[in-house]
Structures are given as C-alpha cells and as structure tokens.
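Coordinate inspection notes
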Amino acid sequence: MSEELLSEKLPHGTARIAHIGIAVRSLDEALRLYHDTLGLPLHGRETVESDRVTVAFLPVGDTQVELLEATDPESPVARFIEQRGEGVHHVAFEVDDVEETLKVLRGRGYRLIDEIPRTGAGGARIAFVHPRSASGVLIELCEKGTDHHG
Ligand code: ZN
C-alpha cells in the first residue's frame with residue numbers, strides 16, 4: 001500500500017470517542033453510582049453472547065460509558081478483572097469504516113484481535129486492536145451509525 005493511499009484513507013472519522021468500556025464485578029452495584037447517584041441516563045442493557053458479557057450503556061455528552069459484567073468466569077472481561085481488578089477496560093473510537101481502518105492498521109503492522117469486523121453490543125460493527133500494539137490500551141473501533149445505543 002502506497003503512502004499516498006494511506007494518507008488518503010486517514011483519518012477515519014476518529015473525531016469522537018464512541019464509548020469508554022469499564023469492567024465491573026456487578027452491573028447493579030456500578031449502576032448505583034453511575035445511574036442512581038451521578039444521574040447518567042441508562043440507555044439499554046443487553047447480554048452479548050459472543051463476548052460473554054452483559055453491558056449497560058449510559059450516555060455522557062456525545063459519548064457513553066459502557067459498563068461490562070462478565071457472564072462467564074472464563075470470559076475475557078472476567079479474566080481482566082481477575083488479573084487487574086475492576087477498571088477501564090477499553091476505549092472505543094468511532095470510525096467511518098471499520099474494515100478500511102483494519103486494513104490500514106494491518107498494513108502498518110499493528111496487531112489486531114479481530115481480523116474482520118464483527119457485531120458488538122447494540123448491533124454495532126466493531127473490531128478490537130491488541131493492547132500490545134496500542135500503548136497498553138485495548139482499542140475498539142466502532143463504525144459510525146451502526147450502534148443502536150449511540
Ligand atoms: Zn465497547
């Protein structure tokens with residue numbers, strides 16, 4: 001891929017953080033803070049079978065907080081909490097086209113968790129970039145306009 005093509009393809013509309021994912025042991029307990037106490041509205045709660053998590057979305061300005069509770073002790077979120085405790089799990093950037101962004105990242109040697117886009121919470125078209133390729137941050141790419149929670 002030429003440099004010209006790369007620069008033509010970038011940036012991919014990453015002007016917005018789609019959401020910030022926070023791993024919690026208990027959604028109900030976390031909602032007592034974020035919803036009941038801080039007053040963030042609750043925009044849906046759903047179980048994402050493929051990731052073995054139940055998530056809750058709470059809008060804040062033009063972004064959202066995504067709370068994630070594992071439904072299986074062997075799931076990635078459960079293992080994350082086991083190793084690092086509760087806390088910020090991933091940052092989701094909105095992009096115009098997840099597939100195109102993956103192509104560019106792959107072309108530049110970044111390590112991907114998802115080689116092709118898949119369906120995440122709210123029906124969003126998403127893909128994850130490996131934290132080892134991203135300064136220790138698990139990055140989610142979230143395609144603009146595909147997230148029903150957005
Ligand atoms: Zn997410």
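One structure accompanies this document, and this report is about it. All figures in this text were calculated on a predicted structure; none of them were measured in a lab. (Residues numbered from 1 in each chain as written. Predicted model: local features only at pLDDT ≥ 70, side-chain atom pairs only at ≥ 80, totals over all residues. Heavy atoms only, no water.)

With that settled, consider the layout of surface pockets. If you add up the space inside the largest pocket, you get close to 760 Å³. Forming the boundary of the largest pocket are 35 residues, of which Pro-76, Val-77, His-89, Ile-113 and Leu-138 lie nearest the centre. Mapped by element, the contributors of at least two residues to the lining of the largest pocket are β3 (53-60), β4 (63-70), α3 (76-84), β5 (87-95), β7 (125-129) and β8 (139-143). The residue makeup of the lining of the largest pocket, split by class, is 18 nonpolar, eight polar and nine charged. (1 Å grid on protein atoms, 1.4 Å probe; cavity = no way out; pocket = protein on both sides within 12 Å on 5 of 7 lines; lining within 4 Å. Points joined across faces, edges and corners; volume = space filled by probe spheres on them. Helix = DSSP H or I, 4+ residues; strand = E, 2+ residues; numbered from the N terminus. Nonpolar A, V, L, I, M, F, W, Y, C, P; charged D, E, K, R; others polar.)

Now for the side chain of Asp-114. Relative to the assigned elements, Asp-114 resides in the loop between α4 (98-107) and β6 (118-119). Given a relative accessible area of 11%, Asp-114 falls into the buried group. Only 3.0 Å separates the side chain of Asp-114 from the side chain of Arg-118, close enough to count as a polar contact. A polar contact of 2.8 Å, which involves the side chain of Asp-114, links it to the backbone nitrogen of Phe-128. With near-sequence residues (within four places) excluded, Asp-114 lies in contact with Leu-102, Ala-127 and Phe-128. (Buried < 20%, exposed > 50% of the residue type's maximum accessible area, 1.4 Å probe, protein only. Polar contact = N/O pair within 3.5 Å; in protein donor to acceptor, adjacent residues only side chain to side chain. Contact = heavy atoms within 4.5 Å.)

So, about the coordination of the zinc ion. With distances of 2.1 to 2.2 Å, the protein atoms coordinating the zinc ion are His-19 (NE2), Glu-66 (OE), His-90 (NE2) and Glu-140 (OE). Bound by four donor atoms, the zinc ion shows angles of 85 to 170 degrees at the metal and therefore irregular coordination geometry. Sequence positions of the donors to the zinc ion reduce to the motif H-x46-E-x23-H-x49-E. Within this pair, whereas His-19 is found in strand β1 (residues 17-23), its partner Glu-140 is found in strand β8, the two being separated by 121 residues in sequence. (Donors = N, O, S within 2.8 Å, 3.2 Å for Na, K, Ca; no water. Tetrahedral: all angles 85-135°; square planar, octahedral: opposite > 155°, others 65-115°.)

The next point concerns α4. If you check which residues of α4 are buried, you get Val-98, Glu-100, Thr-101, Leu-102, Val-104 and Leu-105. Residue Asp-97 occupies the N-cap position of α4, its side-chain oxygen lying 3.0 Å from the main-chain nitrogen of Glu-99. Directly beyond the C-terminal end of α4, a positive phi value near 85 degrees is found at Gly-109.

Moving on: the sheet that holds β5. Here we have eight strands laid out as an open sheet, ordered β2-β3-β4-β1-β5-β8-β7-β6, and mixed in their pairing. This sheet does not close on itself; its edge strands, each paired only once, are β2 (45-48) and β6. In the sheet, β5 pairs with β8 via five bridges, with the strands oriented parallel. Looking at the pairing, Ala-92 lines up with Glu-140 of β8. On top of the sheet, α3 reaches β1, β3, β4 and β5; it is set at about 135 degrees to β5, its chief contact. Most of the contacts of α4 go to β8, to which it runs at about 140 degrees, and overall it touches β5, β7 and β8. (Pairing = 2+ DSSP bridges. Axes fitted to C-alpha atoms, helices over the stretch in contact; angles between N-to-C directions.)

What follows concerns the pairing of β5. Across six bridges, β1 lies against β5 in antiparallel orientation. Each residue of the ladder has a partner; that of Ile-17, found in β5, is Phe-93.

Any functional reading would require information beyond the geometric quantities listed.
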